[in-house]
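Remarks on the overall topology
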Amino acid sequence: MLQSNLAYKLPLTEEPAHVASKDAKLSFVHVVVAFFAFLIGILGGLLQGLARGGIIELPAWLGYYQILTAHGVLLALVFTTYLIFGFFFAGMSRTHGAFSDRLRKMGWAGFIITTIGTLMAASMIIANEASVLYTFYAPLQAHYIFYSGLALFVVGTWVAGAAIMAHYFQWKKEHPGEPTPLFGFMATATLILWVVAGLGVAATVLGQMLPWALGMTDEINVLLSRTLFWYFGHPLVYFWIMPAYMVWYLVIPKVIGGRLFSGSLARLAFILFLLFSIPVGFHHQLMEAGITEFWKYIQTVLTFVVVVPSLLTAFSIFATFEQTGREQGGKGLFSWIKKLPWGDVRFFAPFMGMLVFIPAGAGGLINASFQLNAVVHNTLWVVGHFHLTVGTTVILTFFGMAFWLIPVITGRRLTKSMNRSGMVTTWLWTIGMFLMSGAMHILGLFGAPRRTAYTTYQDHPQAMSWFEGIFASHITVAIGGVILTAAGILMFYNFIYLAWFAPKGETEFPMTPDPDDTPHTPALLENWKLWIGIAVVLILFAYTIPIYDMIVNAPPGSPAFNNLIR
Amino acid sequence: MSRTVLKTQQHQQLKQEDHSSLKGTLVFVMFVGAFIFVSWFAVFYLFLIRT
Ligand code: HEM
Ligand SMILES: [Cu+2]
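Numbering of residues starts from 1 in every chain and runs along the sequence as written. In the order they appear in the text, chains get letters beginning with A and ligands get numbers beginning with 1. Given that the model is predicted, a residue must reach a pLDDT of at least 70 before its local features are reported, and side-chain atom pairs must reach 80 or more before they are shown or counted; all residues, however, enter totals for whole chains, interfaces and linings. Calculation of side-chain values draws on the structure's entire complement of heavy atoms; hydrogens and water are dropped beforehand.

What follows is about the overall build of chain B. Here a helix means four or more residues in a row that DSSP labels H or I, a strand means two or more in a row labelled E, and each is numbered from the N terminus. Of the regular secondary structure elements, chain B holds two helices and zero strands. Under the scheme applied here, a residue whose accessible area is under 20% of the maximum for its type counts as buried, over 50% as exposed, and between as partly exposed, the area being computed with a 1.4 Å probe on protein chains only. Residue burial in chain B is summarised as follows: out of 51 residues, 22% are buried. Each accessible area is a Shrake-Rupley result for a 1.4 Å probe, and residues are judged covered by the shown protein chains and nothing else. Carbon and sulfur atoms form 70% of the exposed surface of chain B, whose accessible area is close to 4100 Å².

Residues and elements named next belong to chain A. Note on definitions: angles span 0 to 180 degrees between N-to-C directions of axes, and those axes are lines fitted to C-alpha atoms, for helices only across the stretch in contact. Viewed as axis vectors pointing N to C, helix α2 (residues 64-96) and helix α6 (residues 222-255) meet at an angle of 40°, and their least axial separation amounts to 11 Å. Viewed along their axes, α2 and α6 adopt a mutual orientation that is oblique. In this structure, the crossing between α2 and α6 has a hand that is left-handed. Residues Ala76, Leu77, Thr80, Thr81, Ile84, Phe85, Phe87 and Phe88 of α2 form the contact with α6, whose participating residues are Leu236, Phe239, Trp240, Pro243, Met246 and Val247. By the convention adopted, Pro, Cys, Tyr, Trp, Phe, Met, Ile, Leu, Val and Ala count as nonpolar, Lys, Arg, Asp and Glu as charged, and the other residues, Gly among them, as polar. Residue composition of the contact of α2 with α6, grouped by class: twelve nonpolar, two polar and no charged. Any angle that falls under 35 degrees is termed roughly parallel, while one over 145 is termed roughly antiparallel, one within 65 to 115 roughly perpendicular, and all others oblique. Handedness of a helix crossing follows the sense of rotation of the near helix relative to the far helix, less than a right angle counterclockwise being left-handed and clockwise being right-handed. The contact criterion used is simple: two residues touch if any of their non-hydrogen atoms lie within 4.5 Å.

Residue and element names in this part refer to chain A. Summarising the metal site, the iron atom of ligand 1 is bound by the protein donors His71 (NE2) and His387 (NE2), whose distances to it range over 1.9 to 2.0 Å. Metal donors: N, O and S atoms at distances within 2.8 Å, or within 3.2 Å for Na, K and Ca, with water omitted from the atom set so that some sites may seem incomplete. For four-coordinate sites, all angles between 85 and 135 degrees define a tetrahedron; for four- and six-coordinate sites, opposite donors beyond 155 degrees with the remaining angles between 65 and 115 define square planar and octahedral shapes respectively, and all other cases count as irregular. What the six donor atoms of the iron atom of ligand 1 show is an angle range of 87 to 180° at the metal, which sorts the shape as octahedral. Of this pair, His71 sits in helix α2 while His387 sits in helix α12 (residues 380-410), and the two are 316 residues apart along the sequence. For His387, a relative accessible area of 14% translates into the label buried.

Residues and elements named next belong to chain A. Locating Leu302 in the fold gives a position in helix α8 (residues 293-305). With 23 residues separating them along the chain, Leu302 and Pro279 place their C-alpha atoms 7.1 Å apart. If we ignore the near neighbours within four places in the chain, the residues touching Leu302 are Phe276, Pro279, Val280, Leu538 and Ala542.

With that out of the way, let us pick up the coordination of the copper ion (ligand 2). Residues and elements named next belong to chain A. Coordination sphere of the copper ion (ligand 2), protein contribution only: His234 (ND1), His283 (NE2) and His284 (NE2), at 1.8 to 2.0 Å. In primary-sequence terms, the residues that donate to the copper ion (ligand 2) follow H-x48-H-H. Among the residues examined, His283 registers a relative accessible area of 10% and is labelled buried. For His284, a relative accessible area of 24% puts it in the partly exposed group.

Our focus in this paragraph is the site of ligand 1. All names here are of chain A. Being near a molecule or strand, for a residue, means having at least one of its heavy atoms within 4 Å of it. Of all residues adjacent to ligand 1, which total 27 residues, the nearest are Arg52, Tyr64, His71, His387 and Arg451. Under this definition, polar contacts are N or O atom pairs within 3.5 Å; protein pairs additionally need one hydrogen-donor-capable and one acceptor-capable atom, and for neighbouring residues in sequence, both atoms have to be side-chain atoms. Between ligand 1 and Arg52 there is a distance of 2.7 Å, counted from an oxygen atom to a side-chain nitrogen or oxygen. Thr452 is positioned with one of its backbone polar atoms (N or O) 3.4 Å from an oxygen atom of ligand 1. Those elements that place two or more of their residues in the shell around ligand 1 are α1 (21-52), α2, α12, α13 (416-445) and α15 (474-501). Here the element with the most residues in the shell around ligand 1 is α1; it accounts for six residues. When the residues that make up the shell around ligand 1 are grouped by side-chain class, the tally is 16 nonpolar, eight polar and three charged.

Listed below in structure tokens is the structure:
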């Protein structure tokens with residue numbers, strides 16, 4: 001196999017990178033909301049770290065669980081979702097041509113609905129009427145405006161998602177028999193996943209929580225509501241990671257001067273995510289009563305299947321690096337690594353995210369294994385875990401993306417000093433997270449619980465030791481949190497500069513040239529009806545009997561507990 | 001003279017393995033596998049000694 005995967009070996013027939021200016025505007029508003037949510041969110045994180053470590057005491061008007069709710073909602077839900085849609089609108093315009101006026105209007109409608117929902121939910125969190133954490137587990141009860149806001153948030157993303165998918169299928173219709181552009185293929189897989197997953201959250205919010213919060217029902221089926229939440233909650237994490245993978249598959253090869261290793265492998269990975277990331281929610285409920293071992297077992301097996309596409313991704317990306325490094329003259333087992341553009345933040349920030357994904361993914365396999373889950377469940381280990389996955393792998397990839405996406409959509413240039421600032425941001429975030437998340441992992445193994453404000457458990461020696469270790473200590477968590485916050489504020493500055501102050505100019509939207517195997521893309525991979533059908537069958541298989549059981553043999557309903565954590 | 005021959009030979013050898021060699025990737029995926037394995041068993045050990 002001596003064929004080359006490299007761009008410079010082939011005639012360059014690329015059209016100029018271009019995002020239509022009206023689409024750029026729609027993308028830009030998403031990015032703006034995302035970064036403002038990010039700023040508030042990380043300040044919440046800082047206060048949590050300091051408060052838990054006993055370094056500061058929160059003022060009486062600010063509750064720990066109130067901030068924790070704001071932190072989770074703003075970072076995990078708002079920041080991620082808005083940035084993803086900003087990326088999708090710009091990327092679709094770049095790879096599939098400008099949106100039609102009708103579809104662009106639909107995109108705006110989605111943005112407005114989502115934003116109204118966000119503001120409703122946020123106002124209730126600020127008013128301390130919704131300190132129910134970002135998982136809004138019953139029987140904690142929030143104000144009905146909070147639930148209505150959540151519902152609008154989800155519906156708004158569906159409308160925006162429909163605009164993007166319609167743009168993709170339009171292209172497909174106009175190019176019969178051609179493999180669709182990878183960007184659209186992957187965005188569509190991600191959005192189908194999001195829509196199907198959102199049905200679960202819509203069902204529990206509209207069918208259970210809203211009537212309950214409005215006083216139309218007195219009691220709630222807690223088991224069912226949690227199950228519907230996690231039916232949504234696991235695909236949610238893939239909704240974060242798939243766009244990050246899109247950056248890895250489609251953008252990074254171009255940034256390093258190469259070409260994606262294989263398009264079909266990338267498509268296959270995304271189809272596998274679509275199929276297997278929904279019927280697995282029980283791996284978040286392994287310690288929960290009311291679900292038989294048999295169904296927990298089935299969903300655990302499916303969970304391990306969904307590891308495969310992530311392993312495919314790790315292989316693909318590394319192979320792309322190696323091929324590119326070698327094509328550029330790198331030799332030996334590893335010295336080709338020197339050929340990669342280490343000083344370029346567009347590469348370096350996502351690369352650090354990839355590196356962190358190794359321990360993050362290993363931690364995920366531990367979480368998903370029944371007996372091991374018993375060791376780590378509800379401890380700080382879990383918090384350490386998702387600060388690596390979403391809080392570093394996804395976030396650093398999105399940071400790296402911001403350095404070209406924002407200039408592209410604002411018609412500006414990434415300057416040398418901004419690049420340097422981005423490198424500093426990346427290092428600070430990585431170091432801060434190493435301390436914070438590392439300490440959280442170990443504290444968790446020692447039994448320190450998550451979602452707990454400052455406490456010494458009446459000076460119990462075990463709990464006291466959590467403040468005394470050198471590395472395994474709440475103090476280390478707090479120090480890591482301070483460094484992270486510094487990195488976050490710097491990133492916010494980078495955003496402001498790139499959005500409004502950087503010099504005007506043309507910036508490239510990096511996109512890998514079509515991989516060599518593109519003409520041989522199996523038509524089967526593009527058969528959406530088939531994949532959606534199989535996904536539905538898998539979901540019905542994994543969930544029908546347990547959910548039927550939860551309804552027919554329902555546990556006693558629970559009244560609201562809305563003053564416990566205020 | 002013989003040194004030059006050797007050099008070209010070496011050069012050719014390197015060239016051959018260059019283009020499509022994915023040896024580094026092989027080592028990398030083996031490392032990832034080993035890392036997963038070790039960390040999994042470390043926590044499994046904790047589970048065992050705590051029961
Ligand atoms: C400055 C950076 C950050 C700091 C200092 C920080 C700190 C913390 C701390 C101390 C906790 C909670 C501990 C507890 O369980 O009591 C927490 C929870 C959490 N963080 Fe962060 N974090 C940061 C960034 C992020 C980012 C970027 C994300 C996601 C994109 C994120 C998502 C979450 C989520 C989802 C929770 C769980 C909330 C819950 O248990 O309901 N954090 N964070
Ligand atoms: Cu999960």
